[in-house]
Amino acid sequence: MWRGTTGHCPACGDGSLYDSYLKVAHTCGHCGAELHHQRADDAPAYFTISIVGHIVVAGALVLERALSPSTWVHMALWLPLTLALSMALLPAVKGALIGLQWSKRMHGFGGVEDAPEALPVATGDRATSDTGALR
Ligand SMILES: [Zn+2]
């Protein structure tokens, strides 16, 4: 989870988890681990909203109670802070969730058991899979 939080590949910790701001890389550039099937869906936004909400709402209430500033002071302080905290925390939270998924071998939510893929094996002029089934 820490590797994901810092934006690194959960498998090796060296490669980058993201191609861009929140786009998960297809594969790790360092170890080649497949990352394309890691999907966190809405969970990063949910957890980020929960974290930022607790910080901003608590801060606004404490400030209001202590100094009772005018509304424009609250707006000038808390709106940019909300945006900045959300933008800063979202990649870290998403990375942590992908790290958790990776460690639990969830690989997204496909509902498919994690197993090596059967590679096709060419035998003569008939192609079969390594399970022996004809294709
Ligand atoms: Zn890697």
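Residues numbered from 1 in each chain as written. Predicted model: local features only at pLDDT ≥ 70, side-chain atom pairs only at ≥ 80, totals over all residues. Heavy atoms only, no water.

It is worth spelling out the overall build of the protein at this point. If you tally the helices and strands in the protein, you get 3 helices and 2 strands. When the elements of the protein are put in sequence order from the N terminus, they spell out α-α-α-β-β. Here the protein holds 135 residues, and 28% of them are scored as buried. Sequence-distant contacts in the protein: of pairs separated by 6 or more residues, those separated by 24 or more amount to 46%. (Helix = DSSP H or I, 4+ residues; strand = E, 2+ residues; numbered from the N terminus. Buried < 20%, exposed > 50% of the residue type's maximum accessible area, 1.4 Å probe, protein only. Contact = heavy atoms within 4.5 Å.)

Bound to the zinc ion on the protein side are C9 (SG), C12 (SG), C28 (SG) and C31 (SG), at distances that span 2.2 to 2.4 Å. Positions of the donor residues of the zinc ion along the chain correspond to the pattern C-x2-C-x15-C-x2-C. Of the two residues, C9 is situated in the loop between α1 (2–5) and α2 (43–67) and C28 in the loop between α1 and α2; the sequence distance between them amounts to 19 residues. C9 sits in the buried class, given a relative accessible area of 0%. (Donors = N, O, S within 2.8 Å, 3.2 Å for Na, K, Ca; no water.)

The backbone of D41 sits at a positive phi, close to 50°, despite the residue not being glycine. Within the secondary structure layout, D41 lies in the loop between α1 and α2. Residue classification places D41 among the partly exposed residues on the basis of a relative accessible area of 48%. The backbone of S68 shows a phi angle near 45°, a positive value even though the residue is not glycine. Within the element layout of this structure, S68 appears in the loop between α2 and α3 (71–103).

This part takes up the packing of aromatic side chains. Under the defined criterion, the tally for this structure stands at 1 aromatic pair. Geometrically, the ring pair formed by Y46 and F47 is edge-to-face, given 5.3 Å between the ring centres and 75° between the ring planes. Of the residues examined, Y46 reaches a relative accessible area of 54% and is grouped as exposed. Residue classification places F47 among the partly exposed residues on the basis of a relative accessible area of 38%. (Phe/Tyr/Trp six-rings, centres within 6.5 Å; stacked < 30°, edge-to-face > 60°.)

This part is about the side chain of K94. By secondary structure assignment, the location of K94 is in helix α3. No salt bridge is formed by the buried K94; its nearest oppositely charged neighbour, D41, is found at 8.2 Å. The residues contacting K94, other than those within four sequence positions of it, are Y18, L22, V24, A40 and P44. (Lys, Arg positive; Asp, Glu negative; His and termini not counted. Salt bridge = Lys/Arg side-chain N within 4 Å of Asp/Glu carboxyl O.)

Turning to the nonpolar core, a few remarks are in order. With 12 residues, the main nonpolar core is built from C9, L17, Y18, V24, A25, C28, A33, L35, A40, V93, L97 and I98. Ignoring anything within four residues of it in the chain, the contact list for L97 reads A40, A43, P44 and F47. Counting residues in each nonpolar core, the second largest holds 5 residues, with V56, A60, L63 and W78 among its members. (Core = buried A, V, L, I, M, F, W, Y, C linked by side-chain atoms within 4.5 Å.)

All right, on to a nonpolar patch on the surface then. A contiguous nonpolar surface patch, about 390 Å² in accessible area, is contributed by Y46, F47, I51 and I55. Relative to the assigned elements, I55 resides in helix α2. (Patch = residues over 30% accessible without salt bridge, like charges linked within 9 Å, V, L, I, M, F, W, Y side chains within 5 Å. Areas by Shrake-Rupley, 256 points an atom, 1.4 Å probe, with all protein chains shown as cover.)

Helix length check: α3, at 33 residues, gives a terminal C-alpha distance of 46 Å against a target of 48 Å (1.5 Å per residue), a fit within 8%. The principal kink in α3, of about 35°, is found at L89, preceding the proline P91 by one to four residues. Residue R105 follows α3 closely and has a positive phi angle near 55°. (Expected span 1.5 Å × (residues − 1). Bend = angle between axes of the 7 residues up to and from the residue.)

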